[in-house]
Amino acid sequence: MHVETLAVGPLGCNCSIVADLEAKRAIVIDPGGDYDEIDRRLRALGVAVDAIVHTHTHVDHVGCTAELQRATGAAASIHEGDRFLYELLPVQAALIGTDVPEAADVDGALGDGRTVRAGSLELAVLHTPGHTPGSCCFVARDGGATRVFAGDTLFRGGIGRTDLWGGDHDAILRSIRQRLLTLPDDALVVTGHGPSTTVGSERARNPFLRDR
Ligand SMILES: [Zn+2]
Ligand SMILES: [Zn+2]
């Protein structure tokens, strides 16, 4: 499993390319913008994209989904709980002063317990509501290593904001505690913005996750 993470778009959303380099297939997580850069990396790796998935449907995570879908023909998936946010893209774009993304053909196929596949790759879908109602994390197991793509649910030393449409502070804490902190301590967490972390280090040091 080959993973590359690029900070893209106006808010530096972490877009990940997860590739099976033998089978030449890939999954793209959160193509938030900078399509040319994502395309350049895909070409350099020589991989075809089988699936485009989104940790949630904030505008900075879906900015070039339509271009990528047009170029690859891949299915683009969100969780149905975030459908209303996809319809609110013009409002979201106005809020951060960015262009309204072109509309992609997004299906609502992401659901808890589902698996997203490309070549030998398997990403397990965890529904982790809180940052948005349809927020999901994707878990990849590679040999003994676990990697989780957490979107804006969990950051290094922080958690996602819950003051936007459909945000729920109790729900995000429940999602993190019940679905993410139950992963192995050495599980690598690729966050939605900024540096990666591990489950163990957030369990030990994240001020939002202290027991009260
Ligand atoms: Zn977000
Ligand atoms: Zn974000």
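Everything numeric in this text was worked out from a predicted model, so none of it was measured.

1. Digging into the coordination of the zinc ion (ligand 1)
Looking at the zinc ion (ligand 1), the protein donor atoms are His56 (NE2), His58 (ND1), His131 (NE2) and Asp152 (OD), and they sit 2.1 to 2.3 Å from it. Metal-centred angles of 89 to 169 degrees between the 4 donor atoms at the zinc ion (ligand 1) mark the site as irregular. Between the zinc ion (ligand 1) and the zinc ion (ligand 2), both coordinated by aspartate 152, there is a metal-metal distance of 3.4 Å. Both residues of the pair, histidine 56 and histidine 58, belong to the buried class.

2. A look at the coordination of the zinc ion (ligand 2)
The protein atoms donating to the zinc ion (ligand 2) are Asp60 (OD), His61 (NE2), Asp152 (OD) and His193 (NE2), with metal-donor distances spanning 2.0 to 2.6 Å. For the zinc ion (ligand 2), the 4 donor atoms in the first shell make angles of 84 to 158 degrees at the metal, a pattern classed as irregular. In primary sequence terms, the donor set of the zinc ion (ligand 2) follows D-H-x90-D-x40-H. Here histidine 61 falls in the buried class, since its relative accessible area comes to 0%.

Conventions we followed
- Residues numbered from 1 in each chain as written.
- Chains lettered and ligands numbered in written order.
- Predicted model: local features only at pLDDT ≥ 70, side-chain atom pairs only at ≥ 80, totals over all residues.
- Heavy atoms only, no water.
- Donors = N, O, S within 2.8 Å, 3.2 Å for Na, K, Ca; no water.
- Tetrahedral: all angles 85-135°; square planar, octahedral: opposite > 155°, others 65-115°.
- Buried < 20%, exposed > 50% of the residue type's maximum accessible area, 1.4 Å probe, protein only.

Nothing here speaks to function; it is all geometry.
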